[in-house]
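Now for the letters of each chain:
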Amino acid sequence: MRSDDARTPAARRPSLGRRRPGDLLVRDGPYGSGDLLDRAMHLAYRSTFRRDEDIEPALEAVTHGGARALGLAGYGLAECASADLVVVGAETPAHAVVTRPPRDLVVKAGHIVHRTTALSRPPGR
């Protein structure tokens, strides 16, 4: 906290507003983009994880662990889940973390928000 913040009335301090579980932040501070694969890579790198079996729990921590910490219900690949997912070309979860592949498909609330030409279009579209 800067010294002048202590003297600034709370009503005049900048605020991020009220946040609810599930609200997204655009950035992950000065050291990242907010992308969960990037967060997992930073966690694995800073923790000096080198083996796949060490890197995969870093991805678990930033995805399912974050959802548990925020109290998000219906998270993950399960029936009636919110259908938020990212598809990448990787052989294993650890491979996805360390190679930082392009996001081939991004789905939010069941709606495709990004698709690369690497993925074929569904028939009839």
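In the block above lies the structure referred to throughout.
A short tour of the structure in this document, coming up. (Residues numbered from 1 in each chain as written. Predicted model: local features only at pLDDT ≥ 70, side-chain atom pairs only at ≥ 80, totals over all residues. Heavy atoms only, no water.)

Here we take up the nonpolar core. Listed in full, the eleven residues of the largest apolar core are L37, A40, M41, A44, I55, A58, L59, V62, A94, A96 and V97. Among the elements of the structure, α2 (36–46), α3 (52–70) and α4 (93–99) are those that each provide at least two residues to this core. If sequence neighbours within four positions are ignored, M41 has contacts with V97 and R100. (Core = buried A, V, L, I, M, F, W, Y, C linked by side-chain atoms within 4.5 Å. Buried < 20%, exposed > 50% of the residue type's maximum accessible area, 1.4 Å probe, protein only. Helix = DSSP H or I, 4+ residues; strand = E, 2+ residues; numbered from the N terminus. Contact = heavy atoms within 4.5 Å.)

A few words now on unusual backbone geometry. Of note, the phi angle at R100 is positive, near 50°, even though the residue is not glycine. The residue R100 is located in the loop between α4 and β2 (103–108) in this model. At A109, a residue that is not glycine, the phi angle is positive and equals roughly 55°. Under the relative-accessibility criterion, A109 is labelled partly exposed at 47%.

So, on to the environment of L43. Secondary-structure assignment places L43 in helix α2. In this structure, the C-alpha to C-alpha distance between L43 and A58, residues 15 residues apart in sequence, is 6.3 Å. Leave out the neighbours within four places in its chain, and L43 touches A58, A61 and V62.

The terminal C-alpha atoms of α3 lie 27 Å apart, and with 19 residues this matches the ideal 27 Å at 1.5 Å per residue to within 8%. At A61, α3 shows its largest kink, close to 35°. In this fold, the buried residues of α3 make contact with α2 and α4. G71 sits one or two residues past α3 and shows a positive phi near 70°. (Expected span 1.5 Å × (residues − 1). Bend = angle between axes of the 7 residues up to and from the residue.)

What follows is about the pairing of β2. Consecutive residues of a regular strand have side chains that alternate between opposite faces of the sheet. Burial analysis of β2 places five of its six residues in the buried class, which makes it a mostly covered element. Bridge analysis of strand β1 (residues 85–88) against β2 gives four bridges, and the strand direction is antiparallel. Within β2, the residue paired with V87 across the bridge is L105. When β2 meets strand β3 (residues 111–115), the two strands line up antiparallel, connected through four bridges. Across the sheet, K108 pairs through a bridge with H111, a residue of β3. (Pairing = 2+ DSSP bridges.)

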